[in-house]
Amino acid sequence: MQEHNRLLSGEILIDLSYHDNDVIGVTGGIYIEAPPGEVWKTLTDYDNLSKTLPKVVASRLIEKKNGEIILEQTGKTGILIFEKTVNFRLKIYEEYLHRVSFEQISGDFHIYHGEWLLETHHEHEGTFLHYNAKIKPLFFAPPLLISFVQRQDLPGILSAHKKRAEKGALCH
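My aim in this report is to walk through the structure given alongside it, one point at a time. (Residues numbered from 1 in each chain as written. Predicted model: local features only at pLDDT ≥ 70, side-chain atom pairs only at ≥ 80, totals over all residues. Heavy atoms only, no water.)

1. Focus: the environment of Leu-145
- Along the chain, the position of Leu-145 falls in helix H4 (residues 143–171).
- With relative accessibility at 22%, the residue Leu-145 sits in the partly exposed group.
- With 63 residues separating them along the chain, Leu-145 and Phe-82 place their C-alpha atoms 9.3 Å apart.
- With sequence-adjacent residues up to four places away left out, Leu-145 is seen in contact with Ile-79 and Phe-82. (Helix = DSSP H or I, 4+ residues; strand = E, 2+ residues; numbered from the N terminus. Buried < 20%, exposed > 50% of the residue type's maximum accessible area, 1.4 Å probe, protein only. Contact = heavy atoms within 4.5 Å.)

Here is the structure:
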């Protein structure tokens with residue numbers, strides 16, 4: 001409940017954990033003053049993520065069949081002179097209005113999988129959006145640098161989803 005109160009106050013929560021073999025665990029959360037349907041639209045508008053999310057250069061839906069989605073993305077990661085363009089293809093599963101889980105099937109990471117979770121609470125009209133992922137790039141990058149980049153980038157991504165979902169909610 002304390003986490004909900006912190007999110008309701010406008011705080012963006014980010015937590016990092018270090019796992020074996022230089023795998024980084026990343027979690028984040030934000031409260032969005034919009035119903036789950038609007039948040040869902042922002043998460044699953046795959047062809048337009050590059051227009052709405054920082055660091056996403058290109059995003060293209062490749063295939064959608066039998067509940068499985070293949071998405072191709074290009075993004076920028078890193079800071080200053082350490083910025084790198086990354087390419088990856090994700091397999092995505094959707095649980096409508098609840099979860100979008102993803103796993104890299106090819107690309108620039110040894111490990112890149114996680115999920116977006118949408119949570120509602122009977123006392124609040126909005127949506128709690130949570131992000132959980134495990135990351136290990138194929139290219140050399142010290143875990144400290146990866147965690148720094150995640151701590152810098154994830155708030156912008158969460159804020160962009162919030163801004164777009166709240167704008168959509170106002171239009172309805």
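2. Structural notes on helix H2 (residues 36–44)
- Of all nine residues in H2, seven are buried; the element is thus mostly enclosed.
- Within H2, burial applies to Pro-36, Glu-38, Val-39, Trp-40, Thr-42, Leu-43 and Thr-44.

3. Focus: the sheet that holds strand S8 (residues 124–137)
- If you walk across this open sheet you meet the eight strands as S1-S2-S8-S7-S6-S5-S4-S3, and the pairing is antiparallel. The sheet is open, and its two borders are formed by strand S1 (13–18) and strand S3 (56–65), each paired with just one other strand. With strand direction ignored, the average angle separating the axes of adjacent strands in the sheet is 20 degrees.
- Here S3 pairs with strand S4 (residues 68–77) via eight bridges, running antiparallel. Bridge pairing links Glu-63 to Ile-70 in S4.
- Contacts from H2 reach strand S2 (24–32), strand S5 (84–95), strand S6 (99–107), strand S7 (109–121) and S8 within the one sheet, and its direction differs from that of S7 by about 165 degrees.
- Packed onto the sheet, H4 meets S1, S2, S4, S7 and S8 and runs at close to 25 degrees relative to S2. (Pairing = 2+ DSSP bridges. Axes fitted to C-alpha atoms, helices over the stretch in contact; angles between N-to-C directions.)

Shape descriptors only; they carry no functional weight alone.
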